[in-house]
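# Structural characterization, general
What follows is the residue order along each chain.
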Amino acid sequence: MSLKKLLIIVFFLFFTRIGSVFSQCIDARPLVELIESHHYHPAKKDSALSTQIFNQFLKSIDPNRRILTKEDISSLETYRTTLFSHLKSPCEFLKPVHKLFLKRHQTIVDYLSDEKIDVDFNNSNLLLNTATFNKEYPKDEAELINKWRKIIAYRTLHQLASTNDTIYSQATTDSLFLIEKRKTLCSLEESFSQEKETLKQIEDLFFDAIANAYDPHTSYFTINKKEQFTEQLSKEATGFGIAIGKNQDNEFRIVAIQPGSPAWNTQQLNVDDKIIALKHAQKEFDLNCTSQQAIRNELNDKAINQITITIQKKDGKIEDVKIIRGKIDVEKNAIQGLILNDNAKKIGYIAIPSFYTSWDNNVANGCANDVAKEILKLKMSNIEGLIIDLRYNAGGSFIEAINLAGIFIDFGPISMTNTNENQPDVHKDLNRGMAYSGPLTVLVNGGSASASELFAATMQDYNRALIVGTTTYGKASGQSFYPLFINQNYKTPYASVKITGSVLYRLDGSSHQAEGVTPDIIIADGWENLIRKESDYKHVLPNSTIDKKAKYTPFEEQPVSQLSEMSKLRLANDSTHNERIRHIQSITDFELDSIIPLSIADFSEYFQQQNYLNALYTKEIPVLKPINVTNHSYDNRLFSFSEEENNANLTTLEHIKNDWQINEAYSITNDFINLINSSK
Amino acid sequence: MKKVNVIMLLIGAMLLNTAIYAGGNPVEYLNQLNAHHQEIAKKTLSYTTAVAKDKSGRKIDKKRTSLIAEITNAIKEVKKVKDYEGDGSLRDSVLNYLEMNKSLLTNEYAKIVDLEAVAEESYDMMEAYLRVQDEANAKMQLASENLNDKVREFANTYDIKIVENEDDKVSLKLKQASRMWNYYNEIYLIFFKSFKQEAYFLDALNRGDVNAMEQNNNSLASFANEGLEKLKKIKAFDGDNSLLEKCKEVLEFYKDQAENKYPKMIAFNLKKEHFENVKAAFDKMPKKKRTQAKVDEYNNAINDYNSSINEFNSINEDANKKRSKLLDKWNKTASKFTSKHVK
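Small disclaimer: the values here were computed from a predicted structure and weren't measured.

Next up on the list: unusual backbone geometry. Residue and element names in this part refer to chain A. Within the chain, Ser450 stands out as a residue other than glycine whose phi angle is a positive 60 degrees. With respect to the element layout, Ser450 can be found in the loop between strand 15 (440-444) and helix 14 (451-461). Taking relative accessible area as the criterion, Ser450 reaches 10% and is therefore assigned buried. The phi torsion at Ala514 lies on the positive side, around 65 degrees, for a residue other than glycine. If you trace the backbone, Ala514 turns up in the loop between strand 18 (495-505) and strand 19 (521-522). Judged by relative accessible area, Ala514 falls into the partly exposed class, the value being 21%.

Dropping the structure here:
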């Protein structure tokens, strides 16, 4: 055949091959096989699992049920229990979904782009029922449009109420309405183009839904998504040290915090904190209408020296945190030891926000080694006891948790892990001896998960530390990343799958999975009831036990009941603590009206209720008699010679001084030391 | 390791070296089982003497090989021995015992001890080593007692009188050697525990792993103290307390290092890092902002660091000198001791 014809055929084949990767859905069976071969307890591929995937998938493409209609869902019913027969060509399911999605998306875009003002704010009897608004699909297209009408109306009224103008004209409400339409449109388009526009993106969401159906920590990552995580934590000389992304509800959140960075050093931020507001001297970001990339670019701009980020923690607490641009030095010790002192005893305090390990995986440089160094410096200041704070620490490196436990025990087993091969492994302390042998208190709460729980459980089982706080999160599983190949012909992986392959067990064979670690001494104020834990999620790994027990020699039992009683008595007599409990009770008791009236006359009352509730969330009850907090003489921050860093240090000290749980942990440790001394 | 093995051999070798009075088939049976015992006893003595007198590795190995060959032959012969009146348990005990001996000599510890269990339950290589020695020793003891019981049982059943031949020179020498090795072993293991622990500390020091340094040094202090306590309860051996005293000297060195010297070396690592941070920050500071107070802070950090370096270096040099001298003396004392008490 002639050269020309040959070239055309080659050309055609080339495009067909690319086409076969990008325009048709790929076989989902390798993904399922990969998960089944590594998952700790893979569910059976039956109609129940199919239903879970179906629901999870719909939730991810339309989390607030405001894009698809009831009619659309009905048309997809045949797939609910039969997804496993479509694994080979998921397009059979995904193409119809995508088509419906694009159609409805366009309907909404058309409505939002239309400059018509179809709400009469003075006479409106539109109502928004928050109990059902995000939980029910609109019946049909007309109801879909009405839903968006209400959303825009609500946002307009909210905006109106936020300005303090008492006089507003028709023109004001009209222009606000159109502004809200535009803002909502841009936010919708932003989320759409990032994640849901193409068939491939829908397929990615579907694959993630398959992964999540096995358990909440198993997920599917496209190669891009995985790189985004690490890319943001810049290796630049200066920055803020946070990476920003979005959670499943399309809200901004902190995805990662670089150890040793200014963000890290505030000791107020944790991964998964929701970002409610973000601003710097020149502007406030409109989080609705800004893309993640735009925010990242702005944060990398060296001219911006300081940002204020408003975060909401897992239990609902809202805080404003100031971050000053500074050096991000990965070599520098990211752990800061402090000294608590009420003129009686010096007790060391070390907060560990996450179990980080160093970038080049040199174990000697991970967080356990950094903590050991700080402990040695604190010992030089003659501390009589030590508090390790793991509140909100969601975990991290398993090895670092083992090494951290090793600091406080002489030698022996620390934890056991098991995989689906059912040959449990015992993990031991790598160094014989203790780097610190004195009284130890570990502070935990419902945000302490995974590696934090491993550490607390081991300290509890050895009678080595007093565990103080509230019951922990309940994640006792370990995840690893596995590459996914479409088939044997492809040498580079198509994606990355994080799979829950192992479960942690305590030394007696029991596990804290879905239950958490119960503190020896519970100190609570009611916030702990507001936090969402592992057992609140769907499809979690159930709690289990293994027969194997590790042999170890615990320390002498600690006087837990006595110390617990002393703490209870002290808190019962503390007027500010009682006030704190009442305050949090008032938040839980507060019932915001579920029916929001969308008219000018009636909305302001609702708005005031909302403000009242927000104020409750941000209010802090001060501590009665705060302890003194100082740096030790080898604290790196003291010698920074920089005004800003010194001020940041002072802010940290102030923050710790006024933390009631740290104060109470100090008192408990003090009681403990006294009991030990009196028994000698 | 060789030195320790020998003890276990000696437990058994003595047992087989008995004279038997009485006639009849049961005696012949016993003799069959006992076929090689004289040779084994002689070769065991030759081997253990070579080890005690620190002969060349080649010589020791030659003797070991010869002993293994003797035992292998014995095993072959014993396997051929039939049951006595339907009961093969005595022969099996002898066989079991000979096999264990052979395993020890060929270093196949796995055949005697459940190494996997030891590995899992032991904290580290050092503990594993000590445990294997202990367990192998205990198993050998058990095997020889078993054999002893079986022989007595057999003797009772067939009315054989068993008398120990006290004039046998080989037997006496083996007894003496056994006593010596037991004594030596006890002190050696006390020495070894602290010796190995110091090695772990020095390794951490070289790697700059501050956490490991602190943990291992604290352990060194407790092992040295624990060892010194144990030594207090041990007496001289036949009037010779040279080994005891030398071990004490070594442990006191380790105790002093761990409690007084090494903590300063660990602190140095922290001071070094601190100084580097201070210097970097100071250098970054614009000259205008360098107040007298800041300059003083900077100078203090330098002085602190410098005196720390000097201290580190002198402790290091001193430790290396002392250690090398002491270990040399220890090795010489150990050689002299074993050589002296094995005739």
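What follows continues from the structure just given.
On to the side chain of Asn393(A), then. Residue and element names in this part refer to chain A. Of note, Asn393 is situated in the loop between strand 12 (385-389) and helix 13 (398-408). Relative accessible area serves as the criterion here: at 0%, Asn393 is assigned to the buried category. Within polar-contact distance, the side chain of Asn393 engages the backbone nitrogen of Gly395 at 2.9 Å. Apart from residues no more than four positions distant in its own chain, Asn393 is found in contact with Asn270, Ile352, Pro353, Ser354, Phe355, Gly447, Ser448, Ala449 and Ser452.

Moving on, we come to the packing of helix 5 (residues 91-113) of chain A against helix 6 (residues 141-162) of chain A. Residue and element names in this part refer to chain A. One can describe the packing of helix 5 onto helix 6 by two numbers: an axis separation of 10 Å at closest approach and a directional angle of 45 degrees. Between helix 5 and helix 6, the interaxial angle falls into the category oblique. Remark: the crossing between helix 5 and helix 6 carries right-handed chirality. In this structure, helix 5 contributes Arg104, Thr107, Ile108, Tyr111 and Leu112 to the contact, and helix 6 contributes Glu141, Leu144, Ile145, Trp148, Arg149 and Ile152. Its residues assigned to classes, the contact of helix 5 with helix 6 comprises 7 nonpolar, 1 polar and 3 charged.

As a further point, take the sheet that holds strand 19 of chain A. Residue and element names in this part refer to chain A. On the basis of which strands lie adjacent, the open sheet formed by 7 strands has the order 19-16-15-12-11-10-21 and mixed pairing. In this open sheet, the two edge strands, each paired with only one partner strand, are strand 19 and strand 21 (628-631). As paired elements, strand 15 and strand 16 (residues 466-469) share 4 bridges and run parallel to each other. By the bridge assignment, Thr441 is partnered in strand 16 with Leu466.

Residue and element names in this part refer to chain A. Extensive coverage of strand 4 (residues 242-246) is indicated by the burial of 5 of its 5 residues. Residues Ile242, Ile244 and Lys246 of strand 4 are buried on one face, and the alternating residues Ala243 and Gly245, pointing to the opposite face, are buried as well. Strand direction decides the pairing type here: strand 4 and strand 5 (residues 252-257), joined by 5 bridges, are antiparallel. Residue pairing in the sheet places Gly245 in a bridge with Arg253 of strand 5.

Taken residue by residue, the interface counts 33 residues in chain B and 37 residues in chain A. With both chains or domains summed, chain B and chain A bury close to 2900 Å², and 53% of this area falls on carbon and sulfur atoms. Where chain B packs against chain A, one counts 2 salt bridges. The salt bridge partner of Glu214(B) is Lys379(A), with a shortest N-O separation of 2.9 Å.

Residue and element names in this part refer to chain A. Inspection of the secondary structure puts Thr458 in helix 14. Here the alpha-carbon distance between Thr458 and Asp671, two residues 213 residues apart in the chain, equals 23 Å. Each residue touching Thr458, except ones within four places of it in the same chain, is listed here: Ala405 and Ile414. At a separation of 3.0 Å, a polar atom in the side chain of Thr458 contacts the main-chain carbonyl oxygen of Ile414.

Attention now moves to a positive patch on the surface. Together, Lys53(B), Lys55(B), Arg58(B), Lys59(B), Lys62(B) and Lys343(B) make up a region of like positive charge exposed at the surface. Relative to the assigned elements, Lys343(B) resides in the segment after helix 11 (292-341).

What follows covers the pattern of salt bridges. Throughout the structure, instances matching the rule amount to 46 salt bridges over all chains. Of the charged contacts in the structure, one is a salt bridge between Arg570(A) and Asp671(A), with a shortest N-O distance of 2.9 Å. Within this pair, whereas Arg570(A) is found in helix 15 (residues 560-572), its partner Asp671(A) is found in helix 19 (residues 660-678), the two being separated by 101 residues in sequence. Residue Asp671(A) is classed as buried on the basis of its relative accessible area of 10%. For the salt bridge of Lys279(B) with Asp283(B), the shortest nitrogen-to-oxygen distance reads 2.9 Å. Highlighted residues: Lys279(B) and Asp283(B), both in helix 10 (residues 242-284), separated by 4 residues, approximately one helical turn. Lys279(B) gets classed as partly exposed once you look at its relative accessible area, which sits at 34%. Asp283(B) gets classed as partly exposed once you look at its relative accessible area, which sits at 44%.

Rules and cut-offs
- Residues numbered from 1 in each chain as written.
- Chains lettered and ligands numbered in written order.
- Predicted model: local features only at pLDDT ≥ 70, side-chain atom pairs only at ≥ 80, totals over all residues.
- Heavy atoms only, no water.
- Helix = DSSP H or I, 4+ residues; strand = E, 2+ residues; numbered from the N terminus.
- Buried < 20%, exposed > 50% of the residue type's maximum accessible area, 1.4 Å probe, protein only.
- Polar contact = N/O pair within 3.5 Å; in protein donor to acceptor, adjacent residues only side chain to side chain.
- Contact = heavy atoms within 4.5 Å.
- Axes fitted to C-alpha atoms, helices over the stretch in contact; angles between N-to-C directions.
- Parallel < 35°, antiparallel > 145°, perpendicular 65-115°, else oblique.
- Left-handed = near helix turned anticlockwise from the far one by under 90°.
- Nonpolar A, V, L, I, M, F, W, Y, C, P; charged D, E, K, R; others polar.
- Pairing = 2+ DSSP bridges.
- Buried area = accessible area lost by both parts, 1.4 Å probe.
- Salt bridge = Lys/Arg side-chain N within 4 Å of Asp/Glu carboxyl O.
- Patch = residues over 30% accessible without salt bridge, like charges linked within 9 Å, V, L, I, M, F, W, Y side chains within 5 Å.
- Areas by Shrake-Rupley, 256 points an atom, 1.4 Å probe, with all protein chains shown as cover.
- Lys, Arg positive; Asp, Glu negative; His and termini not counted.
- Charge placed at Lys NZ, Arg CZ, Asp CG, Glu CD.

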